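Structure at a glance
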There are 2 protein chains.
Amino acid sequence: MNSERLENMVKEFKIYTDRINAIQSALNLFVWDMSVDAPKGGTASRAKYMGLLAAEAFALRVSDEMRDFLEALEAERDSLDDAVRAMTRICRRQYDAYQKVPVEEIREYSELTAKAGAVWEKAKAENDFAGFAPTLEQIVRYQIKFAEYRGYEGHRYNTLLDDYEPGMTVEKLDRFFDRLKAVIVPLLKSVQASEKKINADFLQRSVSLEKQKQISELLMEKVGYDLNRGMLRENEHPFTDNMGKNDVRITTHYHENAFLSAFYSVLHECGHALYEQNKMDAIADTILDTGVSMGIHESQSRFYENMIGRSEAFWENIYDDLIKILGADFKDLSARDFYEASNIARPSLIRIEADELTYSLHIMVRYEIEKILLSGGLDVYDLPRLWSEKMREYLGVEPDSDARGVLQDVHWSEGYFGYFPSYALGNAYAAQILHAMRKDIDFEGSVRSGRLPVIQKWLAEKIHQYGSLKTPSQLIQDVTGEELNADYYTLYLKNKFSLLYTIH
Amino acid sequence: MNSERLENMVKEFKIYTDRINAIQSALNLFVWDMSVDAPKGGTASRAKYMGLLAAEAFALRVSDEMRDFLEALEAERDSLDDAVRAMTRICRRQYDAYQKVPVEEIREYSELTAKAGAVWEKAKAENDFAGFAPTLEQIVRYQIKFAEYRGYEGHRYNTLLDDYEPGMTVEKLDRFFDRLKAVIVPLLKSVQASEKKINADFLQRSVSLEKQKQISELLMEKVGYDLNRGMLRENEHPFTDNMGKNDVRITTHYHENAFLSAFYSVLHECGHALYEQNKMDAIADTILDTGVSMGIHESQSRFYENMIGRSEAFWENIYDDLIKILGADFKDLSARDFYEASNIARPSLIRIEADELTYSLHIMVRYEIEKILLSGGLDVYDLPRLWSEKMREYLGVEPDSDARGVLQDVHWSEGYFGYFPSYALGNAYAAQILHAMRKDIDFEGSVRSGRLPVIQKWLAEKIHQYGSLKTPSQLIQDVTGEELNADYYTLYLKNKFSLLYTIH
């Protein structure tokens, strides 16, 4: 191809992918709107629109036009710049993954999942698993069908894992979780046997909504979340909504008697949002204008929530400002008290309330169940029983209700199978990244003295700016000098909790 | 075509038009989001997405696939049901109108108008017409270009008039406005010469935001706006956003020292919203799930704002509830005082603050200017001068600044040329509809006794339920037994203002 023809083709390819990106942004806006504001009576109508829009984006991803673009551009691979090469890679993945799935089924499926949220919400509120089961069954059936259309090597679940973390497989994850389990389970036993008792009762003291909002503002300012290109709103289940680097929104949920809930959800979502907001301008509003994988994304939210937010240095830094807001009711407490209380480790029923030590065990429960569900070897009506079994196995506790058990998470209603492992991967990536960061930066010193911009600059330079330019494995290799390695995470947990619980 | 083939084609055609409708709904959601909530830093990105989405919907409207659908279905016209026939009619109009316009220019134009709102807002805030002029010039240039692509009979402006009010032409509108002018101008002179003086000073008394919100709730409840399928939010320029009958949202703007401003904007937008919410279920979420024309739409908002909201009967009905909210500060006033103050007639600079009598004169100013702009015979930089001239001619007043003159309306920044006449047409349709309604219903009695549901039911049955099933002229013919007739409106004005100002 001569250079002028190639240039034209690249230009057309960019416009073509921009169309996909615009529809995806519209879908993200619908998700945002439904979560924070939309009238309930419009749920079914919006579900229909979202199904149609998803089908529209899907059709563009698997069209003959896309195939022709890919074949032509792949033949000119060496002449392409990094951005176009990355776009080609991403589009090829999507094309190969989905071109065998009928667009009509994607539309039906998207409409189903757009409606399923409300069904799940009601079932959870009424502790009525049977009310959600038929919907869940349909979603699982679609997932299995899609995986069959797409084809896979090894386990059927691999197709879904790969969607969220390119290159991830059941084989790799089994090994990963085995290593985590080998450290976490005995460590948790030692913690439970420790004589060190942490007082966390004060976390239930009432903190007014107004004060909690002030705390959110303090946190957003400290970490440098740009409110000119973002906003904080309230909803039931906190999340980050990304419409490109220039519009990245987060939500939180305030609980009067658990102010740390919003505190950590804001830090968590800010971690996601900072990733999105700090991509380089060159990829703004393109299909590269998004995080590279769910695992890497989660590493950034976990980094802000845990590595920073649950460190003693951060508590020392924020203590004065926080007490000013919290007022006299909390004056009896020291920074150390907050640090300890925010890290109390104990088996619990609810994933999003879990401490850093037990968190990955909650993920393992879901991972094991998804593996079985996707294999087709489980009646969804058996889920509550299996959930109890796995919770007992990994955490030693059993739910007192389905609402606090199998119905607790929104993800399955959204069709996010294969997503949960990202949380555990994110924890591990974050620890590995922290290890690398320490070579360049005095991490504790920076956090303690409020120099978070130094840390943010490092993350932006090494990770955030690239958006989806690199693959996750290339990125982690470039940042840390090696592939994903669970040892940094287990070591991090061992160090932290041994010190905290004086285990030798 | 055999009936099975026809049935399949109709099914495919419906899905095809549903795709257009879904993209249009996404665009409406972007508009809503930008108006009430979106972060400023994302304006350019969202403009890009909206441009791409508009191009997407446009491409579907003028595709060869659409042409084939239309040709095949039009040949089977007599076998189609009302809904499909209406869909075919609408799609044919759009196809014929736009298939000659290059999609790339639609994308550029949509991006331009999505950005122009912020430019206009800034220019208005800074009273800087020159800051808006280059953008306006570009928009006008596109409008002229598009009209040229499309072709037209008579005046170039006809193409745009027809977009908002199918069948409307400069010739018809000139006649329409001449008839209005012939009555309104002398009537206004009589009003100004009348010895009757109305006191409206009390309308500037301070009413807290909280109380004004209570008033909004009272009004929404009275007229029957369904908040399960809608919501009220605040923004700078009140509007109704329609994503099908099940999601119809309105905005208002509160002014502490002019509580009637929000009062009437809520009634106005509720009129639009009731139209949208009361369409028949059979057309929900289709391209028919929207009002039939801007003029008819405006007739419904005007009906609620003016025919109901500015009637003495309504003031008598709402007086007790209102005084309960307004409190002691307003206890010196009677229902009659509110009625008179809300109808005070006098030439003014700002259209949206204009009284019922002078309102259409403001529209004439804009109509005359758009006609000249579209003919290509006017440099946009001459607009402020021409604005002053026309204001003096029609209303006898001249703006003291561009912000309160040519920059006052958002419409041109949105590319809405040909839209303004809808307001005057709406007034006229509303009076004609009221005349027809009186044959079935004791209008004043129903309003006075709070039996608004009786009125709403009549409107729903005669107008709202049909959405876009009928043409505007067919609709007004069915409802009133004749074509648009300006006499009902001029008679309505004469009766109302002669009584109010004791003119004989």
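Structure: see above.
Residues numbered from 1 in each chain as written. Chains lettered and ligands numbered in written order. Predicted model: local features only at pLDDT ≥ 70, side-chain atom pairs only at ≥ 80, totals over all residues. Heavy atoms only, no water.

1. Some words on the overall build of chain A
Check the secondary structure of chain A and you find 20 helices and three strands. Relative to the globule expectation of 23 Å for 504 residues, the C-alpha radius of gyration of chain A, 23 Å, shows essentially globular dimensions. Taking the principal axes of its C-alpha atoms as reference, chain A extends roughly 70 × 50 × 45 Å. Counting all 504 residues of chain A, 61% fall into the buried class. Within chain A, counting contacts between residues at least 6 apart in sequence, those at least 24 apart form 74% of the total. Within the structure as shown, chain A displays about 19800 Å² of accessible surface, and the carbon and sulfur contribution to it stands at 47%. Taken together, the 61 basic and 81 acidic charged side chains of chain A have centroids lying 2 Å from each other. (Helix = DSSP H or I, 4+ residues; strand = E, 2+ residues; numbered from the N terminus. Rg over C-alpha atoms; globule rule 2.2 N^0.38 Å. Buried < 20%, exposed > 50% of the residue type's maximum accessible area, 1.4 Å probe, protein only. Contact = heavy atoms within 4.5 Å. Areas by Shrake-Rupley, 256 points an atom, 1.4 Å probe, with all protein chains shown as cover. Lys, Arg positive; Asp, Glu negative; His and termini not counted. Charge placed at Lys NZ, Arg CZ, Asp CG, Glu CD.)

2. With respect to the interface of chain A and chain B
Across the boundary between the two partners, chain A contributes 36 residues, which contact 36 residues of chain B. Of the roughly 3200 Å² buried between chain A and chain B on both sides combined, carbon and sulfur atoms contribute 56%. Inspection of the region where chain A meets chain B yields 10 salt bridges. Ionic pairing is found between B:Glu56 and A:Arg19, a salt bridge with its closest N-O pair at 2.8 Å. Across the contact surface, chain A and chain B share 24 residue pairs in polar contact (both at pLDDT 80 or more). Listed by contribution, the elements that provide at least two residues to the side of chain A that touches chain B are helix 1 (3-36) and helix 2 (43-61) of chain A. Looking at the side of chain A that touches chain B element by element, the count peaks at 10 residues for helix 1 of chain A. By residue class, the composition of the side of chain A that touches chain B is 14 nonpolar, nine polar and 13 charged. (Buried area = accessible area lost by both parts, 1.4 Å probe. Salt bridge = Lys/Arg side-chain N within 4 Å of Asp/Glu carboxyl O. Polar contact = N/O pair within 3.5 Å; in protein donor to acceptor, adjacent residues only side chain to side chain. Nonpolar A, V, L, I, M, F, W, Y, C, P; charged D, E, K, R; others polar.)

3. So, the pattern of salt bridges
Applying the stated criterion across every chain yields a total of 93 salt bridges over all chains. The salt bridge involving A:Asp33 is made with B:Arg249; its shortest N-O contact spans 2.7 Å. Separated into two different chains, A:Asp33 in helix 1 and B:Arg249 in strand 3 (residues 248-252) make up a pair that spans both. Exposure remark for B:Arg249: the relative accessible area of 0% places this residue in the buried category. Taking the shortest distance from any N to any O, the salt bridge between A:Lys371 and A:Glu368 comes out at 3.8 Å. Of the two residues, A:Lys371 and A:Glu368 both sit in helix 14 (residues 359-375), three residues apart, roughly one turn of that helix. Accessibility expressed as a relative area gives 17% for A:Glu368, which makes it buried.

4. A look at the sheet that holds strand 3 of chain B
All names here are of chain B. With mixed pairing, the three strands of this open sheet are ordered in space as 1-3-2. The sheet terminates laterally at strand 1 (230-234) and strand 2 (240-242), the two strands that pair on one side only. Taken over all neighbouring pairs, the strand axes of this sheet differ in orientation by 20 degrees on average, direction set aside. Pairing analysis gives three bridges linking strand 2 to strand 3, with the strands arranged antiparallel. From the neighbouring strand, Thr 240 faces strand 3, where its bridge partner is Ile 250. Here helix 10 (residues 259-277) sits on the sheet and contacts strand 1, strand 2 and strand 3; the angle it forms with strand 3, its principal contact strand, is near 170 degrees. (Pairing = 2+ DSSP bridges. Axes fitted to C-alpha atoms, helices over the stretch in contact; angles between N-to-C directions.)

5. Things to note about the relation of the copies chain A and chain B
In the superposition of chain A on chain B (RMSD 0.0 Å, axial shift 0.0 Å), the rotation amounts to 180 degrees. Viewed as a symmetry operation, the transformation between the two copies matches a two-fold axis. When C-alpha distances to the rotation axis are compared across chain A, the minimum falls at A:Ala26, with a value of 3.0 Å. Of all interface residues in chain A, 100% are interface residues in chain B too; the two copies therefore contact each other through one and the same surface. (Least-squares fit on C-alpha atoms with pLDDT ≥ 70 in both.)

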